[in-house]
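Below are the chains, spelled out letter by letter.
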Amino acid sequence: MPALACCVDAAVSSQPYAFSGWDSVLPDSPPSLNTSSVAPASAVPAVWSPAHSALLYRVDGWGAPYFTVNSNGNVSVRPYGFDTLAHQEIDLLKIVKKASDPKTLGGLGLQLPLIVRFPDVLKHRLESLQSAFDFAIESQGYEAHYQGVYPVKCNQNKFVVEDIVKFGSGFRFGLEAGSKPELLLAMSCLCNGSPEALLVCNGFKDAEYISLALVARKLHLNTVIVLEQEEELDTVIEISKKLDVRPIIGARAKLRTKHSGHFGSTSVAAFPYWISNSSTSLLADGVGEAAQIYCELVRLGACMKVIDIGGGLGIDYDGSKSEDSDCSVGYSLQDYASAVVQAVRLVCDRKGVKHPVIYIFSWAPVFLERLTDDALSDYQNLSAAAIHNEYDTCLLYAEQLKQRCVEQFKEGSLGMEQLAAVDALCELVSNAIGVSDSVRTYHVNLSVFTSIPDFWGISQLFPIIPIHRLDERPAVRGILSDLTCDSDGKIDKFVGGGAYEEAIGGVHNLFGGPSVVQHEPELMFETLKHRVEEFSSSDGGSSSMALINGLACSFNNMPYLAAASSCSLTAAGINGYYCCDDEDYAAAADTVTAEDEQWSYCVA
């Protein structure tokens, strides 16, 4: 989504103009039908106009249709996009003056910097997205619907999340959580949303995370647990039996489709899958592969109903509307929606599979008979090279075989089990020859976005060092990967300084940070407590209280993975529910103030 907020700083340039231009040129005249006329950077126009500034800063590129430069030379906000009437435009400078002027002069007396949010822009964006998919679905005869899901991690601001749920209620718009705090937030907000809205649970999960997700389903929230690793399935099955809840499972599938751009190094996943491309051809290629996996799962007996395309709608950050820029896209919202719908429809029609709901996952004989002539030749050459101990040649033909089979799979002429067999063969060859990945991935129990924001934000290197075993020679290079579902939630460059860590992380900076209203745990808990009482009345008072106790404890626990012994949602013998034990409650009670006691129901 485009910017929904503006950060206004107190610093004001004392010069009449402050240029931050592109390609070292300034516009010599206001934009017209012929905008190719430019002047050297040193040739500042004798008469400057708001149109010059709009062209210089490419406001109409990155800001359309919500931001523009008005006739007074101020940034103006159009809350309803191009449908905004003249009298509905909002002069940003007037807003800032009203907010920062002292109360004695009629202002609000707030200190700069400020974050100014425009809920109508958010509402219009949701409506535009839904409208684009509705049109694509109707025009192409697609036999299912689209419903959006907002990843809470993008902006956890209280008013933003609540507005998305409110504005998207008529569209069945849901939320995605990647950690336990985000899940609690999403649960409390969706209590006021559409009953059909999806609550998607991503990220690595411990028993408490899975318990919360299943409790959400018990509270009649449309919860989907997306499996990140195989072990999570056993935990889901075990806990769902204890809670007497039938879970809905999503599968994450790593795609083979690669592309250039900011997220090009990892082709993350399908169900959900983040496809962020600068052109619709690359987008269609990735979505087509995801749809092929979906159809294969249906063929193998899975009761599939939904395909998650993830956050693939690119943003034109630099305003160039170019397919060649990592910070831009060369397509419109309607182009995007049409490409997604068409890619899914074509694959499903070819396979005879019912259209899914879209929201933004000795084997040789098994596959030999379905290989193309070129792929079969690669397999025969691989076998011959192995017999003659020609290891380099083995690796060459194994890679060629793998790539050809990937293309066959994407075209639909090779099944999932055949592709898996090819993968196993290639891995066997690599292991037999002694080729191993020189870089190993280690999962760390944190979020890179939260703990080391300057690394992913501005590529600032950060000093990281083991605190023990430094008397031993390192034998393996490593990448630290966090437990979120983000493609760049990893640290793969080391040594340096993190000078901007605290400032970007928002903990503190020299002049103070903007005041932001955050979610209140007490109110969130009360919302969930009422939900429990509403949907658990038939189960009896003791079971409802057990469920309430467990939810209360969750607000004080580790956001990511927790050791089994430290999990407050441990098994207890109260009608199969998970609730706090004595030690958990004692630990939590030590941190509870008198003001918090009114909502801390965590009792033994």
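Before reading on, note that the structure itself is shown above.
What you see is a predicted model; the values in this text were computed from it and never measured.

Caption draft 1: The arrangement of the overall build of the protein chain in detail. Along the protein chain, the regular secondary structure elements total 20 helices and 19 strands. Evaluated residue by residue, the protein chain yields a buried proportion of 44% over its 604 residues. Carbon and sulfur atoms make up 54% of the accessible area of the protein chain, which amounts to about 31000 Å² in all.

Caption draft 2: Inspection of the sheet that holds strand β9 (residues 174-177) at higher detail. Spatially, five strands are ordered β8-β9-β10-β11-β12 in an open sheet, and the strand pairing comes out parallel. The open sheet has two edge strands, β8 (149-151) and β12 (249-251), and neither has a second partner. Neighbour-to-neighbour, the strand axes of the sheet open up by a mean angle of 25 degrees, direction not taken into account. Direction of pairing for β9 relative to strand β10 (residues 198-201): parallel, over a ladder of three bridges.

Caption draft 3: Inspection of the packing of aromatic side chains at higher detail. Going through the model one piece at a time under the given rule, you end up with five aromatic pairs. Ring centres of phenylalanine 133 and tyrosine 336 lie 6.0 Å apart, and the angle between their planes is 90 degrees; on these two criteria the pair is classed as edge-to-face. In this pair, phenylalanine 133 sits in helix α4 (residues 119-140) while tyrosine 336 sits in helix α10 (residues 333-351), placing the two residues 203 residues apart along the sequence. A single burial state applies to phenylalanine 133 and to tyrosine 336, both of which are buried. With centroids separated by 6.2 Å and ring planes inclined at 85 degrees, the aromatic side chains of phenylalanine 525 and phenylalanine 555 adopt a geometry described as edge-to-face. With phenylalanine 525 in helix α18 (residues 521-535) and phenylalanine 555 in the loop between α19 (541-554) and β18 (570-574), the pair connects residues that are 30 residues apart, well separated along the chain. Of the two residues, phenylalanine 525 and phenylalanine 555, both sit in the buried class. One aromatic cluster is present, formed by Phe133, Tyr146, Tyr331 and Tyr336 through successive ring pairs. The ring of tyrosine 209 carries lysine 205 above its face, with NZ or CZ at 5.7 Å from the centroid.

Caption draft 4: Region of the structure containing the pairing of strand β11 (residues 222-227). Taking burial as the measure, the six residues of β11 include five buried ones, the bulk of the element. Note: β10 against β11, four bridges, orientation parallel. Counterpart to leucine 198 in the pairing with β11 is asparagine 222. After leaving β10, the chain enters helix α7 (residues 207-218) and then returns to the sheet as β11, a path that is right-handed. Considered for its hand, the β-α-β crossover made up of β11, helix α8 (residues 230-243) and β12 is right-handed.

Caption draft 5: Geometry of the sheet that holds strand β15 (residues 439-443). The three strands are arranged β15-β16-β17 in an open sheet whose pairing can be described as mixed. Two strands in the sheet have a free side with no partner beyond their single neighbour: β15 and β17 (490-491).

What counts and how
- Throughout this document, residue positions are counted from 1 along each chain, in the order its sequence is written.
- Under the rules for a predicted model, residues below a pLDDT of 70 receive no local features and side-chain atom pairs below 80 are neither given nor counted, while totals for whole chains, interfaces and linings still include all residues.
- In computing side-chain properties, one takes all heavy atoms of the structure into account and sets aside hydrogens as well as water.
- Runs of H or I in DSSP of at least four residues are treated as helices and runs of E of at least two as strands, each being numbered from the N terminus.
- Burial status follows relative accessibility: with a 1.4 Å probe on protein chains alone, a residue under 20% of its type maximum counts as buried, one over 50% as exposed, and anything between as partly exposed.
- Methods summary: accessible areas were calculated by the Shrake-Rupley approach with a probe of 1.4 Å, and residue burial reflects only the protein chains presented.
- Between any two strands, pairing holds if DSSP finds at least two bridges.
- Axis lines are fitted to C-alpha atoms, over the contacting stretch for helices. Their N-to-C directions set the angle, which ranges from 0 to 180 degrees.
- Here is the rule: rings of Phe, Tyr and Trp (six-membered ring for Trp) pair when centre to centre is within 6.5 Å. Planes less than 30 degrees apart are stacked, more than 60 are edge-to-face, and the remainder are tilted.
- The criterion is that NZ of a Lys, or CZ of an Arg, lies within 6 Å of the ring centre and within 35 degrees of the ring normal, and then a charge sits over that ring.
- Place the viewer so that the strands point away; then a crossover is right-handed whenever the path from the first strand over the helix to the second strand goes clockwise.

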